[in-house]
Every structure is written in C-alpha cells, then in structure tokens.
Amino acid sequence: MTVTELAAALSLTPVALPDGERVINGAYMGDLLSWVMGRARADNAWITIMTNMNVIAVASLSDVACVLLAEDVMPDQAVIDTANARDINLLRSPLSSYDLAVALSDALRKASL
Amino acid sequence: MSDNALRFHFDVDGENFTSAGQASVKIKKSLRELGVDAETIRRVSIAMYEGEINMVIHANGGDADVIVDERGIEIILSDHGPGIANIDQAMQEGFSTAPDNVRSLGFGAGMGLPNMKRYTDDMTIESVVGEGTTIRMRVNF
C-alpha cells in the first residue's frame, strides 16, 4: 500500500507529500526519537505526536515511508519545508496514536488481501 | 586502511540542536552516491546521528570523521566534553544524564550509545573525565 493510498483510506491530511508512491510495509509508534531509530524499520509508517525539526532527521535517517502525526498536531512551516526538501512524507489525523495504529493495521490488512 | 580510502570531516556545531544531524545527512547522501546499499547507509547514518546528538547535548559539539574503504565504513567522533565516568552504565538502555529540555525534544531516553552499538559491527569508547570522549565505530560491507 502506498502512502497516497493510505492517506485516502484513513482520510489523512497531507502536510508534506513529496513521495506519495512510497510503499508502506508496517508501522512503528513512538515519541522518543532514539527509541524510534533503534526499533523502526525501513519503509515503516511512523506514528508520533512529535513535530520538531529532529523528527525530519530521524525519519530521513531511519528511512521510514511516512510520518503520521496523531491528534492533529501541526509542525512549523520550517519543518514542513524541510520535509519537502528531504522527501519526507508528513500526514496528520485527528485520531489518537492508538486509534491511528488500529486504523492503519486494518488498512494494511485489507490491502494485503 | 588502504591508501585509496575516502575521508570526510565535519565540525559538529554544539550550539544548534535543530541543525544536529547535518553531518549524518551529508554522509547519507555521499554513501548513496557511492552506491552503498540502503541498509548499510541506514546503519551508518543512524549511528552517526546518535553520536552527533550526544556531542550537542553533552560536549558543546566536536569532530566527526568518516573513512570509507573497500571493506566498510569507519566513523570517529571526538569531543572535548566532560567525559563519561562509567562507560558500562552509559551503555545500558535507559540510562541518561541528559537535561530535561532535551527530553522535551524527544531525546535523552538513554538509547543513544546502545543504538550506536546496535547498528555497528564494532564500537570502542575512549573517555577521560574532564578531557573528552572519542568513539570509533565500524560498519562492514
């Protein structure tokens, strides 16, 4: 399932979508950045409520497919600009991290059927 | 180390938390241009980023050197910070001496050094309290 397909399935609002054709292979949820770098896998969707500039670095270095911002948190314009420049997909949702993870799990399962 | 190894040097700015990671991002780009495989790039750039963050948090910056030869990639991070009093303790997941303002940014979880070890094939720490720390890491192809 691509990031663009996930955005449609979960009614996500794109904040930065420079590489919507990236394929998602699973997910990781967390707000402690080193924990995410230690545990998230390449091509995961990363669910978080963090919005600072370091999120973009962590997403880039961890090579995740997209960052899903829960609870409708909104990054600064500088963070959005950097996401676009570094090919990092950022999308937001009013759902909590948990509800977003549940919805993502359903969407990935349906897509693999 | 062979004579045709590629060497990169970076000054890590200790003042600027937001720009921390610039050296890692540049190395990621350089390794990609060299045709290094994606997983090796991921391991090197995460290990280096954790090192950069540590130098910004604890040591007011430092130096990062990366050497690429035919067998792999070596990363050398050196600083003139406070040093690490107990390296075994610092290597434990969850142990951190980072201040609270760093935690609010999502760092200081005590995972930096463990991640550096996790993603590299070899890692050595030399540290003298009051003088500084040098970390050498190697990722083999």
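Above: the structure in question.
Report follows, based on the coordinates. (Residues numbered from 1 in each chain as written. Chains lettered and ligands numbered in written order. Predicted model: local features only at pLDDT ≥ 70, side-chain atom pairs only at ≥ 80, totals over all residues. Heavy atoms only, no water.)

## Thoughts on the interface of chain A and chain B
- Listed per partner, the contact involves 22 residues of chain A and 22 residues of chain B.
- At the junction of chain A and chain B, the tally comes to one salt bridge.
- Note that Glu93 of chain B is salt-bridged to Arg39 of chain A, the shortest N-O span being 3.7 Å.
- Viewed at the interface, chain B and chain A are joined by 10 residue pairs in polar contact (both at pLDDT 80 or more).
- At the level of secondary structure, the elements contributing two or more residues to the side of chain A that touches chain B comprise α2 (33–39) and α3 (53–62) of chain A.
- Tallying contributions element by element places α3 of chain A first for the side of chain A that touches chain B, with seven residues.
- Of the residues that constitute the side of chain A that touches chain B, the class distribution is 11 nonpolar, six polar and five charged. (Contact = heavy atoms within 4.5 Å. Salt bridge = Lys/Arg side-chain N within 4 Å of Asp/Glu carboxyl O. Polar contact = N/O pair within 3.5 Å; in protein donor to acceptor, adjacent residues only side chain to side chain. Helix = DSSP H or I, 4+ residues; strand = E, 2+ residues; numbered from the N terminus. Nonpolar A, V, L, I, M, F, W, Y, C, P; charged D, E, K, R; others polar.)

## A look at the sheet that holds strand β2 (residues 61–68) of chain B
All names here are of chain B.
- Within the open sheet, the five strands sit side by side as β1-β2-β3-β5-β4. Their pairing is antiparallel. Unpaired on one side and paired on the other, β1 (6–13) and β4 (122–128) mark the two borders of the sheet. Direction aside, neighbouring strands of the sheet carry axes that sit 10° apart on average.
- The pairing of β2 with strand β3 (residues 72–79) spans six bridges and is classified as antiparallel. Bridge assignment links Ala64 to a residue of β3, and that residue is Leu77.
- Helix-sheet contacts for helix α2 (residues 38–59) involve β1, β2, β3 and β5 (132–140), and the interaxial angle to β3 is about 5°. (Pairing = 2+ DSSP bridges. Axes fitted to C-alpha atoms, helices over the stretch in contact; angles between N-to-C directions.)

## Some words on the packing of aromatic side chains
Residues and elements named next belong to chain B.
- The final tally for this structure, using the stated rule, is one aromatic pair over all chains.
- Their ring planes at 65° and their centres at 6.3 Å tell us that Tyr49 and Phe107 sit as a pair that is edge-to-face. Linking Tyr49 in helix α2 with Phe107 in the loop between α4 (100–103) and α5 (112–118), this pair joins segments that are 58 residues apart in sequence.
- The buried category is assigned to Phe107, whose relative accessible area is 2%. (Phe/Tyr/Trp six-rings, centres within 6.5 Å; stacked < 30°, edge-to-face > 60°. Buried < 20%, exposed > 50% of the residue type's maximum accessible area, 1.4 Å probe, protein only.)

Read these as spatial facts, not as claims about activity.
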